[in-house]
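The lines below spell out each chain.
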Amino acid sequence: MAVDSMATEHTPPFSKGYVVNHAVNDAKASVDKSINYATRRLKDFPSGSEKWREILDTLHVLHEMRKMLDDFVKHNPHLFNTDNPLNGDSSNG
């Protein structure tokens, strides 16, 4: 089977670092958005009520998720190589 040389010439570079960084940033943004939403909802329920406590529990879980993401970045600096313009060494796959 022949390889389409035209398609090969225009294939954008791939960088594991770029993809992982993008995924982590998207996840952090999503968690932060959920934290903000849950925090805003606290005022909708009486302090100490069951739903208010559920929101606090949810915030606790969301903050733990955010910490896990931050720790992942901290403990895997090789995945977030900033020397490469694509934010990762494309030779690593």
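What you see is a predicted model; the values in this text were computed from it and never measured.

**Thoughts on the overall build of the chain**
Turning to step 1, where the next piece is worked out: Helix and strand counts for the chain come out as three helices and zero strands.
Turning to step 2, where the next piece is worked out: Mapped in sequence order, the helices and strands of the chain form the string α-α-α.
Turning to step 3, where the next piece is worked out: Looking at the chain as a whole, 20% of its 93 residues qualify as buried.
Turning to step 4, where the next piece is worked out: Partitioning the contacts of the chain with sequence separation of at least 6, the portion at a separation of at least 24 is 66%.
Turning to step 5, where the next piece is worked out: In the structure as shown, the chain presents an accessible area of about 7,100 Å², 58% of it carried by carbon and sulfur atoms.

**Here we look at the pattern of salt bridges**
Turning to step 1, where the next piece is worked out: Overall, the coordinates contain seven salt bridges when judged by the stated rule.
Turning to step 2, where the next piece is worked out: The residue D32 makes a salt bridge to R66 at a minimum N-O spacing of 2.6 Å. In this pair, D32 is assigned in helix α2 (residues 16–41) and R66 in helix α3 (residues 50–75), connecting sequence segments 34 residues apart.
Turning to step 3, where the next piece is worked out: Judged by its relative accessible area of 30%, D32 is partly exposed.
Turning to step 4, where the next piece is worked out: A salt bridge links K51 to E54; the shortest N-O distance between them is 3.0 Å. With K51 and E54 both in helix α3 and three residues apart, the pair spans about one turn of that helix.

**Notes on the confidence of the model for the chain**
Turning to step 1, where the next piece is worked out: Counting all residues, the mean pLDDT for the chain is 85, and 77% of those residues have values of 70 or more.
Turning to step 2, where the next piece is worked out: Here helix α1 (residues 5–9) stands out as the element of the chain with the lowest mean pLDDT, 60, in contrast to α3, whose mean of 97 is the highest.
Turning to step 3, where the next piece is worked out: Here residues 86–93 scores under 50 on pLDDT; set against residues more than four positions off or in separate chains, the count is 25 contacts.

**Points about the packing of α2 against α3**
Turning to step 1, where the next piece is worked out: Closest axis-to-axis distance for the α2/α3 pair is 10 Å, and the angle between their directions is 160 degrees. One finds that α2 runs roughly antiparallel with respect to α3. As α2 runs across α3, the sense of the crossing is left-handed. Mapping the contact onto sequence places V20, V24, A27, K28, V31, D32, S34, I35, A38, T39 and R41 in α2 and I55, L59, L62, H63, M65, R66, L69, D70, F72 and V73 in α3.

Calculation notes
- Residues numbered from 1 in each chain as written.
- Predicted model: local features only at pLDDT ≥ 70, side-chain atom pairs only at ≥ 80, totals over all residues.
- Heavy atoms only, no water.
- Helix = DSSP H or I, 4+ residues; strand = E, 2+ residues; numbered from the N terminus.
- Buried < 20%, exposed > 50% of the residue type's maximum accessible area, 1.4 Å probe, protein only.
- Contact = heavy atoms within 4.5 Å.
- Areas by Shrake-Rupley, 256 points an atom, 1.4 Å probe, with all protein chains shown as cover.
- Salt bridge = Lys/Arg side-chain N within 4 Å of Asp/Glu carboxyl O.
- pLDDT = per-residue confidence, 0-100.
- Axes fitted to C-alpha atoms, helices over the stretch in contact; angles between N-to-C directions.
- Parallel < 35°, antiparallel > 145°, perpendicular 65-115°, else oblique.
- Left-handed = near helix turned anticlockwise from the far one by under 90°.

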